[in-house]
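Observations on chain architecture
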Amino acid sequence: MVRLKRRRATSNGSFSLTRMVVMLLLVQCAGGRSRAPGWVPQLIHRLGRWGLASKARDYSLGRRFGNSAVPNPAVRATAGGKSARMAAVGPGEHSGADRLQEQREVLGRAGRLLAAADDFGDTLKQSLAACLPALGDFGFFDVAVGNGEVRRTVAAYQGPHIESLLAPTQWVKQTHPELNLCAFSTGDAALHPAIDDAWYGRVAANEQHLGLLRELAFRSMITVPVRYRDELVGALTLFMGSSGRRHDADDLAFAGELAALAAPVVVTARLLEQQRNAEAQLRMQEERLRLAVEAGQVGIWDWDIARQSVTWSDRVYDMHKMARGSDTGGLEGFRSRIHPDDLATVEGALQAALAGGPAYRAEFRTVLANGEVRWIATRGHLVRDGAGQPTRMVGASTDITERMDLLAGERIARAEAEAAQRRVELLSSAGALLAKSLDPEDTLRTIATTVVPGIADWCRIDLLDDEGVLRRRLAYHQDPERAQEALEMARTMRAAPATVGSMAWCIANASDHHGRFDLPPATDDPVLRAFTSHFGMHAHYILPLVARGRTIGAMGVVQAESGRILGRADRALIRELGQRAALALDNARAYAEAEAARRQAESASRAKDEFLAMLGHELRNPLAPIATALELMARRDAKAHVEERRIIGRQVTHLSRLIDDLLDVSRITQGKVELKQVAVEVRTLIAHALEQTQPVYERRAQPVQVRLDAAGARVLGDPTRLTQVLCNLLINAAKFTPPDGRVEVTLRADATWVEIVVEDSGRGIAPELLPHVFDLFVQGRQSIDRRSGGLGLGLAIVRMLVERHGGQVQAASGGDNQGSRFTVRLPALLAQGVTEGEHPMEPATPTLPATPARILIVDDNADAADTLGELLKMVGYEVRVAGDAEAALALVQEDLPQLALLDIGLPGMDGYELAERLRADARTRGIKLVALTGYGRENDRSRALGAQFDEHVVKPVAVDKLFELLGRMLA
C-alpha cells in the first residue's frame with residue numbers, strides 16, 4: 001500500500017497530494033482504452049476516510065475551500081482587473097452535483113481524446129476539443145513551437161462559421177494597459193464574465209478588429225496559461241457565445257487544471273514532432289550527401305603501406321587522364337605527378353598523419369601527361385594494427401579545378417570590386433571637393449592631389465587661354481621641387497604639335513592617347529624624349545578636357561618611379577575624373593568671369609550713380625539762381641513781365657522734374673527708396689495730384705473730369721510717392737492729349753482692391769509699344785520738335801512705385817488716336833482699426849522772421865548766392881555771403897550768424913569739412929547748419945546729417961518751403 005503524506009502545493013509545479021488525486025480521478029474517469037489499476041479506487045476510498053478525496057476533487061475542479069486561495073499558481077484569475085470572485089449569472093448555471101458530474105465527464109473525455117491523439121497537431125486539436133462545449137462555445141489554443149513561432153489551433157462547437165472566422169487569425173502579444181486578454185502574453189489567467197459592445201470597443205485594435213469581435217458575439221471569456229515545469233508553453237482561451245452562458249471562477253479554475261494536465265502531453269507531442277522533423281531533415285541530408293558524392297565525381301584510393309602499392313578507382317584514373325587499370329607507379333608515381341611547388345606541403349601532411357598527427361588532408365596541383373595542371377583535393381583515413389603501426393590508408397579524391405578557378409576568379413573580382421569601390425570613393429571625394437571649389441587655382445590643386453599619388457606619379461594640366469593658346473598651368477608631383485622643375489621645363493620645352501600623344505595633339509584631334517614615353521612614337525620627338533627621360537616617365541595617358549561641348553585644355557597622367565601601369569580601369573577612372581575636372585575648371589572660369597562682370601557692373605552702376613548725381617548737381621545749380629531771380633522779380637514788381645516769368649518758371653519746374661525722374665529711377669531700381677506708409681484716403685491723393693498738376697492743365701479747354709465712385713476708399717501707402725504716381729499719369733495724359741481733348745480720373749473700390757483709372761482721348765498707344773510702355777526710356781512716337789518732351793522715365797517710375805506698394809498697374813489702348821487708359825490697383829485698407837496718418841503734403845504757410853536774424857550763405861555759384869541773399873534781405877533777414885569755406889570761416893569770426901546755408905561742392909574745403917570745422921569750434925557750435933546743394937541722392941542726405949548738418953535741402957528749393965524751413969529752425 002502506498003503511503004501518502006500531505007504536502008503543500010508549491011509554486012514550482014511539483015506534484016502535491018491533491019494533484020496526485022486529480023491524476024487518479026482522471027485515470028478513473030477516462031475509462032475505455034485506459035482502465036485504472038485496481039488500487040486506484042482503494043486509494044480514493046482511503047483518501048475519503050481522511051477527508052481528502054472531496055478536497056482533492058474540489059481542488060481539481062477549481063473550487064475554493066476555507067479562506068485559502070486556489071493553490072495552482074497558474075490560476076490567478078482577473079476579470080477586467082477585478083477579482084475572480086465575481087459570479088457569473090446566466091442560463092448555463094447548474095447545481096454543484098451537476099457541475100461535478102459534468103466536470104468528471106470532461107476529464108474522462110479529455111483523457112480519451114488525448115490518448116487517441118496521433119501527432120502534435122492532433123494533440124492540440126483534442127486538447128481544445130476536450131474543453132468544448134463544457135467550458136466554451138469556441139476557443140483557440142496557442143502553443144509555442146520554437147524559434148519564436150506560435151501555432152494557433154481553433155475550434156467551435158457546432159459553429160463552422162465561427163471556426164472559419166477564427167481560422168485566419170494568428171497569435172499577437174497583447175499589451176492592453178488595463179485588461180489581461182491573453183494568458184500567453186502575461187503568464188496569468190484571466191476571467192471576463194460580462195462582455196458587451198463597450199468592452200469590444202475598449203479592446204479592439206482597429207475597426208476591422210471591432211467588426212470581427214462583433215461578429216463572434218461572445219458574452220464572456222477565460223484565458224489560462226499552459227505551463228510545463230518552468231516553461232510557459234502556451235495558453236488556452238475559451239469563449240461563451242451562442243449558448244448564452246457566462247464563465248465563472250469555477251470554470252476558470254477547471255480550465256487551469258485541464259491546461260496543467262494537458263501540458264506534459266502537449267510538450268511530449270511537440271518533442272516527438274521535433275524529433276520526426278529532425279529525422280526527416282537527417283534523411284534528406286543523407287540523400288543529398290549521396291547525390292553530392294555521385295554528382296561530385298569523388299574517386300576512392302587505397303594505399304597498402306606495407307606493400308607500397310596504391311589502388312585507384314576508375315574516377316581517380318579519369319582525374320589523371322590515365323587508362324583505367326593501368327599501373328599507378330605506387331607512392332613514387334603519386335609523388336611524381338604532384339606540382340613541384342606543392343610537393344613539400346603534401347608530403348608534410350602525409351608524414352604528420354603517419355606520425356599520429358591530424359588526419360591526412362591536402363589540396364594540390366597535379367601535372368598530367370599532356371602538361372595540363374589540375375587541382376586535386378584528397379582526404380585519407382589511416383588504419384593501424386594492434387601494435388599501433390600504420391598498415392593502410394583509404395581516402396577519397398575530388399577534382400577541384402573548377403572550384404579553384406572560381407576562387408581565383410572570385411579573388412580577382414573581389415580585388416577589382418575593391419579597386420572599383422576605391423575609385424568610386426575617390427571620384428565621390430573629388431566631386432565633392434571640386435563642387436565646392438570656384439577658384440581656378442584651388443580647382444587645379446584639387447585635381448592634382450586626387451590623381452597623385454593615388455592613381456599616378458605625375459599629373460599635368462594645360463589650358464587654352466582666351467586667344468586659344470595652350471598654356472602650361474600645372475605639373476604636379478609629391479615632391480614640390482620636382483614639380484616646380486617640371487613646370488618650368490614644360491614652359492620652355494614644347495613638343496611638336498603633330499607628335500602623337502602630346503597635349504597639343506590630343507586637343508587638335510579631340511582624342512585621348514595611352515602609351516609609353518620610352519617607346520615609339522613618343523621617342524621620335526627629341527624634346528618630349530628629353531623631358532620624359534629626365535624625370536623617368538614611362539606609361540602615360542593624355543586626354544582632352546571638354547566641358548559643355550567646348551575643349552578647354554588637356555590633362556596628362558604619368559607613371560614614373562612607382563613602376564605602375566595605367567590599366568583599363570585606371571584609364572576609365574581618369575576619363576571620369578577628367579570630365580568632372582573639366583566641368584569644375586569651366587565652372588571656376590565662368591564664376592571668375594561672372595565675378596568680373598559683377599564687379600564691372602557694380603563699377604558701372606557706381607559710375608552711373610555718380611554721373612547722375614553730378615548731372616543733377618550741375619543742372620540744379622543754375623536752376624537755383626533762376627528760380628530765386630524769378631521770385632525777386634515778382635516781389636519787386638508783381639505786374640512786370642508776368643508772362644515771361646510764368647514761362648521761365650514753368651521751364652524751371654519741367655527741368656527740375658526731369659532731374660528728379662532721373663534720380664528717382666536710380667534710387668527705385670536699387671531699392672533705396674524708403675516708403676513711409678500710413679493710412680490715407682485715395683480721394684485726398686487725387687486732390688493733391690490735381691493741385692500739383694494744375695499748371696499743366698490751366699490752359700486746356702476743359703479741366704480734368706473726376707468721378708469718385710468710392711469716395712471713402714483708403715490704402716496703406718506713402719502719400720508723397722502715391723501722389724507722384726498720379727501726377728506722372730496726369731502729366732503723361734496731358735502730353736499726349738490735344739488741348740481740347742478729355743482727361744478723366746475715376747476712383748472705384750471693392751473689399752479687396754482700390755482702382756484709380758486715368759483715361760484720356762489722346763494719341764493712344766501703338767500695339768507694338770503697349771507691352772513695353774512701362775520700360776525705362778521707352779517713349780511713343782513724337783513729332784520732330786519733341787513737343788511732348790520727357791525722357792521716358794515717368795511711366796517706369798509709376799510701375800516701380802506701385803509694385804513697391806503691393807499693387808499693379810496696367811495700360812490699355814485701342815491704338816493710334818484711340819486714347820489711353822491706365823489703371824492703378826492697390827490693396828484696399830479696411831476702415832476698422834486703422835488711424836489716418838498725418839498727411840505730409842499740405843503746403844506750408846511761409847513764416848517770416850518776427851525779428852531780424854543773421855544768415856550766412858556759402859556758395860561758389862555767385863549768381864545763386866547773390867540772388868538768394870537779395871531775396872532773404874528783401875523779407876527781413878540780415879545776410880552775409882561767402883564764395884568758399886575760408887571766406888566763410890573769416891566771416892563767422894567777424895559776425896556770428898544764427899543759421900548758415902552751405903553748398904556742399906565748394907572749391908578747396910567742401911561743405912562737409914566746413915560743417916565739421918564749425919561744429920568743432922565752441923564759439924560756432926550752436927549755428928544752425930543747412931546743406932543747400934545740388935546733390936540730392938539719399939546717401940547725400942544721410943552723409944550730410946552724419947556730418948552734423950541740421951537739415952539737407954536740394955536745389956532749387958521752392959521759396960515757400962525755404963521760408964517755412966527758416967522760420968522753423970530760427971523759431
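Residues numbered from 1 in each chain as written. Predicted model: local features only at pLDDT ≥ 70, side-chain atom pairs only at ≥ 80, totals over all residues. Heavy atoms only, no water.

1. What about the overall build of the protein chain?
To keep things clear, this is the line we draw: Put simply, DSSP H or I for four residues or longer makes a helix, DSSP E for two residues or longer makes a strand, and each gets a number counted from the N terminus. Remark: exposure states derive from per-residue accessible area (1.4 Å probe, protein chains only) relative to the maximum for the residue type, with buried under 20%, exposed over 50%, and partly exposed in between. For this analysis, residues touch if any pair of their heavy atoms sits within 4.5 Å. Using a 1.4 Å probe, the Shrake-Rupley method yields the accessible areas, and only the shown protein chains count as cover for residues.
What the protein chain contains, in helices and strands, is 29 helices and 29 strands. The buried share of the protein chain, reckoned over its 971 residues, is 44%. For the protein chain, the share of sequence-separated contacts (at least 6 apart) that also reach a separation of at least 24 residues comes to 64%. If you sum the accessible surface of the protein chain, you get close to 50,300 Å²; carbon and sulfur atoms cover 52% of it.

2. Digging into the sheet that holds strand β13 (residues 458-464)
We count it as follows: One bridge is not enough; two strands pair if DSSP finds at least two bridges between them. Whenever a helix is involved, its axis is fitted only over the stretch in contact; in every case the axis is a line through C-alpha atoms, and angles between N-to-C directions fall within 0 to 180 degrees.
Taken together, five strands build an open sheet; the order of strands is β14-β13-β17-β16-β15 and the sheet is antiparallel. Edge strands, defined here as strands with exactly one partner in the open sheet, are β14 (470-476) and β15 (513-516). In this sheet, neighbouring strand axes are inclined to one another by 20° on average, regardless of whether the strands run parallel or antiparallel. In the sheet, β13 pairs with β14 via six bridges, with the strands oriented antiparallel. Within β14, the position partnered with Cys459 by the bridge is Tyr476. Helix α16 (residues 480-492) contacts β13 and β14 of the sheet and is inclined by roughly 160° relative to β14.

3. Some points on the nonpolar core
Formally: Only buried residues count toward a nonpolar core. Its members are Ala, Val, Leu, Ile, Met, Phe, Trp, Tyr and Cys residues joined through side-chain atoms within 4.5 Å.
Judged by nonpolar contacts, the single largest core of 40 residues is most densely connected at Leu729, Leu730, Ile756 and Val824. Counting only elements with at least two residues in this core, the list comes to α21 (682-692), α23 (719-735), β21 (743-749), β22 (753-760), α24 (794-804), β23 (808-813) and β24 (820-827). The next biggest cluster of nonpolar side chains, apart from the first, holds 33 residues, and it includes Leu107, Val143, Val224 and Ala269.

4. A closer look at the sheet that holds β24
What the five strands build is an open sheet, ordered β19-β21-β22-β24-β23; its pairing is mixed. Of all strands in the sheet, those with a lone pairing partner are β19 (705-708) and β23, marking the two edges. Averaged over neighbouring strand pairs, the angle between their axes works out to 15° when direction is ignored. Pairing of β22 with β24 involves eight bridges; the strand directions are antiparallel. In the strand pairing of β24, Val754 is matched with Leu826.

5. Observations regarding the pattern of salt bridges
Stated precisely, the cut-off is as follows: What makes a salt bridge here is a side-chain nitrogen of Lys or Arg within 4 Å of a carboxyl oxygen of Asp or Glu, nothing more.
With the rule as written, the count across this model stands at 47 salt bridges. Glu332 serves as the salt-bridge partner of Arg335, at 2.7 Å between the closest nitrogen and oxygen. With Arg335 and Glu332 both in helix α12 (residues 330-337) and three residues apart, the pair spans about one turn of that helix.

6. Quick notes on the side chain of Ser502
Examined against the element boundaries, Ser502 turns out to sit in the loop between α16 and α17 (503-509). Looking at Ser502, the relative accessible area reads 7%, which means it is buried. Other than its neighbours up to four places away in sequence, Ser502 contacts Ala495, Ala496, Pro497 and Ile542.

7. Let's talk about the environment of His477
Applicable threshold: In the analysis that follows, any N or O atom pair within 3.5 Å is treated as a polar contact, provided that within protein one partner can donate a hydrogen and the other can accept it, and provided that, for residues neighboring in sequence, both atoms belong to side chains.
By the element assignment, His477 lies in the loop between β14 and α16. The contact partners of His477, leaving out residues within four places of it in the chain, are Val452, Asp457, Trp458, Arg482, Ala483 and Glu561. A distance of 2.7 Å separates a polar atom in the side chain of His477 from a polar atom in the side chain of Glu561.

8. Quick notes on the pairing of strand β6 (residues 220-228)
Burial analysis of β6 places seven of its nine residues in the buried class, which makes it a mostly covered element. If you look at the hairpin formed by β6 and strand β7 (residues 231-240), you'll find two residues sitting between the two strands, and Arg229 has a positive phi there, around 55°.

9. Quick word on helix α13 (residues 340-354)
We count it as follows: By definition here, a helix of n residues has an expected span of 1.5 Å times n minus one. Directions are taken from the helix axis to each C-beta atom, and the arc is the one they span.
With 15 residues, α13 should reach 21 Å at 1.5 Å per residue; the first-to-last C-alpha distance of 22 Å fits that figure. Within the span of α13, buried status applies to Asp342, Val346, Leu350 and Ala353. Seen end-on, α13 carries its buried residues on one side only, within an arc spanning 70°. The exposed set on the far side of α13, more than 90 degrees from its buried face, consists of Pro340, Asp341, Ala344 and Thr345. The elements touched by buried residues of α13 are β8 (299-304), α12, β10 (360-367), β11 (373-384) and β12 (390-399). After α13 finishes, the residue Gly356 shows a positive phi value of roughly 95°.

10. A short note on the packing of α21 against α23
Where we set the bar: When an angle is under 35 degrees it counts as roughly parallel; over 145 it counts as roughly antiparallel; between 65 and 115 it counts as roughly perpendicular; any other value is oblique. For any helix crossing, the convention is left-handed if the near helix is rotated counterclockwise from the far helix by under a right angle, and right-handed if that rotation is clockwise.
Their axes nearest at 9 Å, the elements α21 and α23 cross at an angle of 55°. Judged by the inter-axis angle, α21 sits oblique to α23. Handedness of the α21/α23 crossing: right-handed. Taken together, the residues of α23 that come into contact with α21 (itself represented by Leu685, Ile686, His688, Ala689, Leu690 and Gln692) are Pro719, Leu722, Thr723, Leu726, Cys727 and Leu730.

11. Notes on the packing of helix α14 (residues 401-436) against helix α15 (residues 440-451)
Short version of the rule: Asp, Glu, Lys and Arg are counted as charged, while Ala, Val, Leu, Ile, Met, Phe, Trp, Tyr, Cys and Pro are counted as nonpolar; the rest, among them Gly, fall into the polar class.
Contact geometry of α14 with α15 gives a least axis separation of 10 Å together with a crossing angle of 170°. Considered as vectors, α14 and α15 are oriented roughly antiparallel to each other. Contacts between α14 and α15 involve Leu426, Ala430, Leu433 and Leu434 from the first element and Thr443, Thr446, Ile447 and Thr450 from the second. Class assignment of the residues belonging to the contact of α14 with α15 gives a composition of five nonpolar, three polar and no charged.

12. Here's the deal with helix α27 (residues 911-920)
Within α27, the full set of buried residues consists of Gly911, Tyr912, Leu914, Ala915, Leu918 and Arg919. One side of α27 holds all its buried residues, which, seen down the axis, span an arc of 160°. Here α27 starts with a cap whose side-chain oxygen sits 3.2 Å from the backbone nitrogen of Tyr912, and that cap is Asp910.

13. Considering the packing of aromatic side chains
Put simply, the test is: The aromatic pairing rule takes the rings of Phe, Tyr and Trp, using the six-membered ring of Trp, and pairs them if the centres are within 6.5 Å, calling planes under 30 degrees apart stacked, those over 60 edge-to-face and the rest tilted. Two conditions define a charge sitting above a ring: the NZ of Lys or the CZ of Arg must be within 6 Å of the ring centre, and it must be within 35 degrees of the ring normal.
In total, this model carries 14 aromatic pairs according to the counting rule given. Note on Trp312 and Tyr317: the rings are 5.2 Å apart at their centroids and 70° apart in plane angle, and the pair reads as edge-to-face. Since its relative accessible area comes to 6%, Tyr317 is described here as buried. Consider the rings of Phe334 and Phe364, whose centres lie 5.8 Å apart with planes at 85°: the pair is edge-to-face. Of this pair, Phe334 sits in helix α12 while Phe364 sits in strand β10; the two residues are 30 residues apart in sequence, bridging distant segments of the chain. An aromatic cluster is defined as three or more aromatic residues linked by ring pairs; in this entry it consists of Phe138, Phe140, Trp199, Tyr200, Phe218 and Phe239. One Lys or Arg, Arg460, reaches over the ring of Phe531 and ends 6.0 Å from the middle of that ring. Positioned over the ring face of Trp753 is Arg825, at 4.5 Å from the centre of the ring.

14. Some thoughts on the side chain of Thr924
Positionally, Thr924 belongs in the loop between α27 and β28 (928-933). From its side chain, Thr924 meets the backbone oxygen of Leu918 in a polar contact 2.6 Å long. Not counting residues up to four positions away in its chain, the partners in contact with Thr924 are Val892, Leu896, Arg917 and Leu918.

15. Structural notes on unusual backbone geometry
With the exception of glycine, most residues fall at negative phi, and the peptide bonds are largely trans. Look at the link from Val452 to Pro453: it is a cis peptide, with omega at 0°. Tracing the sequence through the fold places Pro453 in the loop between α15 and β13. Of the consecutive residues Lys955 and Pro956, the connecting peptide bond is found in the cis state with omega at -15°. Secondary-structure assignment places Pro956 in the loop between β29 (951-954) and α29 (959-970). A positive phi angle, close to 50°, is found at Ala510, a residue other than glycine. Inspection of the secondary structure assignment puts Ala510 in the loop between α17 and β15.

16. Here we look at the environment of Leu261
With respect to the helices and strands, the residue Leu261 is situated in helix α10 (residues 249-295). Overall, the relative accessible area of 15% leaves Leu261 in the buried class. As for Leu261 and Ala110, which are separated by 151 residues in sequence, their C-alpha atoms are 9.5 Å apart.

17. A look at the confidence of the model for the protein chain
Selection criterion: Along the chain, pLDDT gives the predictor's confidence residue by residue, from 0 to 100.
Residues at a pLDDT of 70 or more form 81% of the protein chain, whose mean pLDDT is 80. Scored below 50 in pLDDT, residues 782-789 makes 10 contacts in the model with residues more than four places away or belonging to other chains.

18. Description of the environment of Thr186
Among the secondary structure elements, Thr186 is positioned in helix α7 (residues 183-186). Placed 13 residues apart in sequence, Thr186 and Lys173 show a C-alpha to C-alpha distance of 8.7 Å. Within the local environment of Thr186, its side chain forms a polar contact with the backbone nitrogen of Asp188, the two atoms lying 3.2 Å apart.

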